[in-house]
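Analysis of the macromolecular model
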Amino acid sequence: MAAAETFYDVIRRQGITRRSFTKFCSLTAASLGLGAGGPAAIAHALETKPRLPVIWMHGLECTCCSESFIRSAHPLAKDVILSMISLDYDDTIMAAAGHQADAILTETREKHAGNYVLAVEGNPPLNEDGMYCIDGGRPFVEKLREMAAGAKFVVAWGSCASWGCVQAAKPNPTHAVPIDKVILDKPIIKIPGCPPIAEVMTGVLSYILTFDQLPELDRQGRPKMFYSQRIHDKCYRRPHFDAGQFVESWDDEGARKGYCLYKMGCKGPTTYNACSTVRWNNGVSFPIQSGHGCIGCSENAFWDQGPFYDRLTNIPYFPVEANADVVGGTAAAIVAGAVAIHAGVTAIRSTIKSGEKTEA
Amino acid sequence: MTIQTPNGFSLDNAGKRIVVDPVTRIEGHLRVEVNVDEGAVIRNAVSTGTMWRGIEVILKGRDPRDAWAFTERICGVCTGTHALTSVRAVEDALAIKIPENANTIRNIMQLTLQAHDHLVHFYHLHALDWVDVVSALKADPKATSALAQSISPWPLSSPGYFKDIQGRLTRFVESGQLGPFKNGYWGSPAYKLPPEANLMAVAHYLEALDFQKEIVKIHTIYGGKNPHPNWLVGGVPCAINVDGTGAVGAVNMERLNTVSEIIDRTSDFINQVYLPDLMAIASFYKDWLYGGGLSSTCVMSYGDIPEHANDYSDKSLKLPRGAIVGGNLAEVLPIDLRNPEEIQEYVVHSWYKYPDETKGLHPWDGVTEPNFALGPATKGTRTNIEELDESAKYSFIKAPRWKGHAMEVGPLARWVIGYAQGKPEFKEPVEKVLTDLGLPVTALFSTLGRTAARGLEAQWAAGQLRYFQDKLIATIKAGDSSTANTDKWRPETWPADARGVGFSEAPRGALGHWIRIKDQKIDNYQCIVPTTWNGSPRDPKGNIGAFEASLLNTPMADPNQPLEIIRTLHSFDPCLACSTHVMSPDGQEMTTVQVR
Amino acid sequence: MSRVYTLVKTADAEATPAIERNSVFVYEAPVRTWHWVNAILIVVLIVSGYLIGSPPPTLSGEASAHYQMGYIRFGHFAAAQLFIVASLYRVYWAFVGNEHARQLFYVPFWKRWYWYEALYELSWYLFIVDKPKKWVGHNPLANLAMVVLFTFLSLFMIVTGGALYAQGAGNDTLWMTIFGWVFVIWPNSQEVHTLHHVGMWVMVIFIVLHVYAAIREDIMSRQTMLSAIVTGDRYFRD
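Residues numbered from 1 in each chain as written. Chains lettered and ligands numbered in written order. Predicted model: local features only at pLDDT ≥ 70, side-chain atom pairs only at ≥ 80, totals over all residues. Heavy atoms only, no water.

1. Comments concerning the overall build of chain A
- A count of helical and extended segments in chain A gives 13 helices and seven strands.
- Residue burial in chain A is summarised as follows: out of 360 residues, 65% are buried.
- By sequence separation, contacts in chain A at least 24 residues apart represent 70% of the contacts at least 6 residues apart. (Helix = DSSP H or I, 4+ residues; strand = E, 2+ residues; numbered from the N terminus. Buried < 20%, exposed > 50% of the residue type's maximum accessible area, 1.4 Å probe, protein only. Contact = heavy atoms within 4.5 Å.)

This is the structure we're talking about:
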């Protein structure tokens, strides 16, 4: 049997020299506090280690995460699939179907128990016994739990798996839930976005494979390296925001000069993602650069923070769709009116009273 | 027992039942069950959409200007086409006229999707139905090179190049970790390509995977990202500024050049790789002309790619509009999406509820409630279905009918209609393909025909991309840089009651969105998407849909390997997330499984 | 704690002591200073906050020549930080100041008489009873309004505002350590913006009621209000 293509082969082919590879192994060994044999052990592992089995399951979703994944330019999706991981199951691209596909899941659970990665795109619906998403005649949520049980860790691709996304927007008729509501005992890395940026997806995978550890996560379970700053913090239109230069209406002078889209409802100031830095499709552009505000697609429940085109959005939990100025302004006006009436009544009454007093 | 369907098919569910679930290499969740006779020929077919998300109920009460973003998330594969259809529906309802440049840029976005989606479908969703990856290991790189050079001027064709690819593939296969190729049907007699053709196709599978990410950069430039670019009611969000102050903040010469360059490369890839591969593969499968289904009788297209802004007449639409019924190519019938008597949806075999299920409903009046219930002949349990009972409800897809007919939509439908209308841009390429392969016109009505039409359409789309990009530049040159009409942007300017319909030709076929707006909010929103048409279950009269029809009478090489089934299904490029989300405003309480 | 109410109860029950002394020292200088500083800060916060939500029309020219949003936001943040300092100072003074300094933080929620008196005060506002009672500090209804509409609201604004500020300051800052938990309750900060904005309007409503009640009571009731928060002495009439 010929040697499997290993991690080492891949990085060599990507132009990394033997010398830097050895250096990388030494540094990693040192940082891990390994002894004299450390670098050699790491080098050996990277040169011979089989690729990490990945099971990529689809629940209620739109496949935009898969589509985004294959847009990755560095590393190329081709190299990820052929050389970095072993994508043993992915409904969207796998050759096998039906029983032959299902058999892979069983085999992975048995052969790689505790050693495979479960990547989930989409989420499970719980209404109707979970039968709003049927896979192999059974509820998707059942299969998801089965596969999660033997996984080393779980990757939640996109806003569906991370937060619930569009099918979980009010009133969430299928009762779709993020995967951390049904997978309770495994580390879950959330890579939100609708979809996430391709290079962020492959970047997180490469990080795990390169450094053999899970990335540092923030309070909400997202990798800090890509989700610790808001789009607004690194937006190239930020100087226009600070200056007070805004697009006031579509295709106006400000729009043609690339002013800030804040008044057009841009959610950059409340959205944690790497769009303004990594950008999209190998750095070609990102929504704001192409003239449309950010809709906040990597944020929890962003669908219910609408409308997308107003800076002041509807008040959550409020029965009528209205923003804070409408509701607050109306309430303040009512109170002011009531105060005025009250003052009037007070004045009239005291006039009458003082009249009575005088008469008396 | 044999049943004769009104649309001319005979169904016999006596033989052995074969279940394929999940059907892979599609978008979403699909299940198919077939019965085969003693000769392993398919005599009955049941296709089931097995997911439902309820996007329309979520849309109710929201701002119509936001609807494009919600509907765009119906599908991330045909990304953007729902958004386009949605903004068209809202503009139709509110009588908003868009600027010429907005129309041009929208066409460029839609054509980019057509080119990209068809290419990815052919190589990454469909090719493995025709190409045996493992057989490629046996190929002679020199002979492969000779083959490649004989069919195309594409430069990546040296013996060394194919040897490298083969080497990498060998290491991959021999590693024992086959990844996405695991458990494939390698070695099946249903594969007919010689090893050299297989190796060439595998090389191009990888090249196409690298290249497809370039095409969508056009979406990134005009829409900010891909998948799921941004759209705008009233125009497009990207402003144009080619030479003024701050030009670098908008679509400028550099951006236009980037798009132009991508269009040229796209055109080259389609012409020099996709089409030659398609023809080479087809030449080995020209005896396998199964899978015609409804394509020879009932096809429909709404039309798309308007030459002029706001003009959706047949004359302006560059993709043809019309319907053919009963296989009468001599007459292309006009269609009217507003007529309540033409398009109607039935739910007698769908997991929804109507007050009167014998009648169909036009989408503007679409009332539906989910109703997941299995028939008495179902094998297995409610949450572990072994075999479905197709005499009862059996799919989350509704059954749309045009004047009572089950219709096939998609690239083949469009090209058959264009061909029937005698339009040279459709007729000539079709005739050339048939001549080159030495096949009669009837060969069009097959799995292979569907796949070929998609390739021709990708080629056509690349040509149109160039045309519209040039048109955009010409319009800017003539002094018109406007991209959005904001006269009716504010909701205060809208009527209290409005309704509209938007349509487009998605890569998978005819797509329509019907909207009702009341008091500035969405009152009702209904979509009928291509896979609703193609994947539809039976209607009250028993007419079967395109998926089911296409599977009938196909012989299987090995009934345990569903290769022929998925080959034909893939030729439709099914998109299940699209097809199975339709629901009315009045959702009901449903049983819930407990978390944990 | 109890002294103020003892005094009040005495005044009510026996209807004598307050009449004999016609002035009481209520608001100490630090409380009065805080009140007026706070008043100015809140006005600045409301105006700047409103402008952050709805910025003024676009300025022309080079971005580098302007810093309009920057100044508006600076004004908001500076006022907000002073507001936090002032609030902390006010909490401190509740401990060291006189009993009236504590009223802002305490409602005798479980006391029956308190609700009886609050109801009585409400009937005075609803013109049901003709004469209000005399109170040295805030009357029971005002006490409730101050705690709910001002103290709780201020806390809510500090917490939500602090959390939003923490986002700009950065994940690894003390701000995020102190206020980051807000995003566990509301993971999408757009929601926090909205709620903070709603809070601003509640503050506007509070100001309207507060100013009106103060002026009206000054005129109508039997004790002074406006001069009390300036000089500290409350005078009782009749």
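Having seen the model, we can carry on.
2. Concerning a nonpolar patch on the surface
- On the surface, Tyr89, Val91, Tyr92, Phe95, Val96 and Phe105 of chain C cluster together into a nonpolar patch covering about 600 Å² of accessible area.
- Locating valine 91 of chain C in the fold gives a position in helix 4 (residues 68-96). (Patch = residues over 30% accessible without salt bridge, like charges linked within 9 Å, V, L, I, M, F, W, Y side chains within 5 Å. Areas by Shrake-Rupley, 256 points an atom, 1.4 Å probe, with all protein chains shown as cover. Salt bridge = Lys/Arg side-chain N within 4 Å of Asp/Glu carboxyl O.)

3. A word on the sheet that holds strand 4 (residues 30-36) of chain B
Residue and element names in this part refer to chain B.
- Strand order in the open sheet formed by three strands is 3-4-5, with antiparallel pairing between adjacent strands. Each of the sheet's edge strands pairs with one partner strand only, and the pair in question is strand 3 (16-20) and strand 5 (42-49). The average undirected angle you get between the axes of adjacent strands in this sheet is 15°.
- Bridge analysis of strand 4 against strand 5 gives seven bridges, and the strand direction is antiparallel. Within strand 5, the position partnered with valine 36 by the bridge is isoleucine 42.
- Seen against the sheet, helix 15 (residues 563-570) touches strand 3, strand 4 and strand 5 and runs at an angle of roughly 130° to strand 4. (Pairing = 2+ DSSP bridges. Axes fitted to C-alpha atoms, helices over the stretch in contact; angles between N-to-C directions.)

4. A few points about the interface of chain C and chain A
- Between chain C and chain A, the contact holds 49 residues from the first and 51 residues from the second.
- Counting the surface lost from both chain C and chain A, the interface buries some 4100 Å², and carbon and sulfur atoms represent 55% of this.
- Counting the surface chain C buries against chain A, the share from its top three residues, Phe127, Gln190 and Tyr212 of chain C, is 16%.
- Seen at the junction of chain C and chain A, the total is one salt bridge.
- The shortest N-O distance in the salt bridge between aspartate 130 of chain C and arginine 349 of chain A comes to 3.4 Å.
- Seen at the junction of chain C and chain A, the total is 31 residue pairs in polar contact (both at pLDDT 80 or more).
- Of all the secondary-structure elements, those providing two or more residues to the side of chain C that touches chain A are helix 3 (29-53), helix 4, helix 6 (140-169), helix 8 (182-185) and helix 9 (189-220) of chain C.
- By residue class, the composition of the side of chain C that touches chain A is 25 nonpolar, 18 polar and six charged. (Buried area = accessible area lost by both parts, 1.4 Å probe. Polar contact = N/O pair within 3.5 Å; in protein donor to acceptor, adjacent residues only side chain to side chain. Nonpolar A, V, L, I, M, F, W, Y, C, P; charged D, E, K, R; others polar.)

5. Regarding the UniProt feature "domain: Cytochrome b561 bacterial/Ni-hydrogenase" (unreviewed entry) in chain C
- What UniProt calls "domain: Cytochrome b561 bacterial/Ni-hydrogenase" (unreviewed entry) maps, in this numbering, to residues 26-232 of chain C.
- Helix makes up 70% of residues 26-232 of chain C and strand 0%. Its end C-alpha atoms lie 6 Å apart. (UniProt positions renumbered as here; feature names shortened; annotations may be inferred.)

6. Re the side chain of glutamate 390 of chain B
Residues and elements named next belong to chain B.
- The topology assignment puts glutamate 390 in the loop between strand 14 (384-387) and strand 15 (399-402).
- What makes glutamate 390 buried here is its relative accessible area of 8%.
- Beyond its immediate sequence surroundings of up to four residues, glutamate 390 is in contact with Asn13, Arg17, Asn44, Val46, His349 and Arg538.

7. Notes on the interface of chain B and chain A
- Counting residues at the interface gives 108 residues for chain B and 103 residues for chain A.
- Summing the contributions of chain B and of chain A, the shared interface buries around 9200 Å²; its carbon and sulfur component is 57%.
- In this structure, the connection of chain B to chain A is made through six salt bridges.
- Taking the shortest distance from any N to any O, the salt bridge between aspartate 210 of chain B and lysine 78 of chain A comes out at 2.8 Å.
- Connecting chain B to chain A are 51 residue pairs in polar contact (both at pLDDT 80 or more).
- Of all the elements in the fold, those that place two or more residues in the side of chain B that touches chain A are strand 3, helix 1 (55-59), helix 2 (67-72), helix 4 (100-126), helix 6 (159-174), helix 7 (195-215), helix 8 (217-223) and strand 14 of chain B.
- When its residues are assigned to classes, the side of chain B that touches chain A shows 49 nonpolar, 36 polar and 23 charged.

8. A word on the side chain of arginine 230 of chain A
- Locating arginine 230 of chain A in the fold gives a position in the loop between helix 10 (224-227) and helix 11 (238-243).
- A polar contact is formed between the side chain of arginine 230 of chain A and the side chain of aspartate 233 of chain A, at a distance of 2.8 Å.
- Aside from chain neighbours lying at most four places away, what touches arginine 230 of chain A is Gly268, Pro269, Thr271, Tyr272 and Ser276 of chain A together with Gln167 and Gly168 of chain C.

9. Description of the layout of surface pockets
- In this structure, the largest pocket spans a volume of roughly 1300 Å³.
- As for the largest pocket, its lining consists of 50 residues, of which Met146, Leu209, His210, Val211 and Ala213 of chain C are closest to the centre.
- Broken down by secondary-structure element, the contributors of at least two residues to the lining of the largest pocket are helix 13 (324-359) of chain A together with helix 3, helix 5 (112-125), helix 6 and helix 9 of chain C.
- Volume-wise, the second largest pocket comes out at about 850 Å³.
- Along the wall of the second largest pocket there are 39 residues; nearest its centre are Ile52, His76, Phe77, Leu164 and His196 of chain C. (1 Å grid on protein atoms, 1.4 Å probe; cavity = no way out; pocket = protein on both sides within 12 Å on 5 of 7 lines; lining within 4 Å. Points joined across faces, edges and corners; volume = space filled by probe spheres on them.)

10. Overview of the UniProt feature "transmembrane region" (unreviewed entry) in chain C
- This chain's UniProt record puts "transmembrane region" (unreviewed entry) on residues 33-53, 74-93, 141-166 and 198-215 of chain C.
- End-to-end, the C-alpha atoms of residues 74-93 of chain C are 28 Å apart, and along that stretch the chain is 100% helix and 0% strand.

11. What about the state of the cysteines?
- Per the stated rule, a full pass over the model turns up zero disulfides over all chains.
- Of the cysteine sulfurs around cysteine 62 of chain A, a residue in no disulfide, the closest is that of cysteine 64 of chain A, at 3.6 Å.
- Note on cysteine 238 of chain B: no disulfide assigned, nearest cysteine sulfur contributed by cysteine 266 of chain A at a separation of 16 Å. (Disulfide = S-S within 2.5 Å.)

12. What to know about the sheet that holds strand 18 (residues 521-528) of chain B
Residue and element names in this part refer to chain B.
- Pairing in this open sheet of three strands is antiparallel, and the strands run 16-17-18 from one edge to the other. Of all strands in the sheet, those with a lone pairing partner are strand 16 (497-506) and strand 18, marking the two edges. Sheet twist, expressed as the average angle between the axes of neighbouring strands with direction ignored, equals 15°.
- In terms of strand pairing, strand 17 (residues 509-518) meets strand 18 through seven bridges, oriented antiparallel. Bridged to isoleucine 515 within strand 18 is tyrosine 525.

13. Points about the UniProt feature "binding site: [4Fe-4S] cluster 1" (unreviewed entry) in chain A
- UniProt records the feature "binding site: [4Fe-4S] cluster 1" (unreviewed entry) for Cys62, Cys65, Cys160 and Cys194 of chain A in the present numbering. Over a stretch of 133 residues, the named residues converge on one spot in the fold, their C-alpha atoms separated by at most 9.6 Å.
- Owing to a relative accessible area of 4%, cysteine 62 of chain A belongs among the buried residues under this scheme.
- Every residue in contact with cysteine 62 of chain A, bar those within four places of it in the chain, is listed here: Glu27, Arg53, Arg73, Ile74, Cys75, Gly76, Val77, His228 and Ala577 of chain B.
- Within the element layout of this structure, cysteine 160 of chain A appears in helix 8 (residues 158-163).
- For cysteine 160 of chain A, a relative accessible area of 11% puts it in the buried group.
- Not counting the four nearest positions on each side in its chain, cysteine 160 of chain A is found in contact with Leu60, Glu61, Gly122, Asn123, Cys165, Gln167 and Pro178 of chain A.

14. Here's the deal with empty space enclosed by the protein
- For the structure shown, the criterion picks out 14 cavities of 30 Å³ or more.
- The space that makes up the largest cavity amounts to roughly 270 Å³.
- Along its surface, the largest cavity is lined by 23 residues, and Ile70, Thr92 and Ile93 of chain A together with His124 and Leu209 of chain B are the ones closest to its centre.
- Class assignment for the residues of the lining of the largest cavity results in 16 nonpolar, four polar and three charged.

15. Thoughts on the pairing of strand 5 of chain B
- Burial runs high along strand 5 of chain B: seven of the eight residues are buried.
- In textbook terms, the turn of a hairpin is the stretch between consecutive antiparallel strands, and for strand 4 of chain B and strand 5 of chain B this stretch comprises five residues, one of which, alanine 40 of chain B, has a positive phi near 60°.

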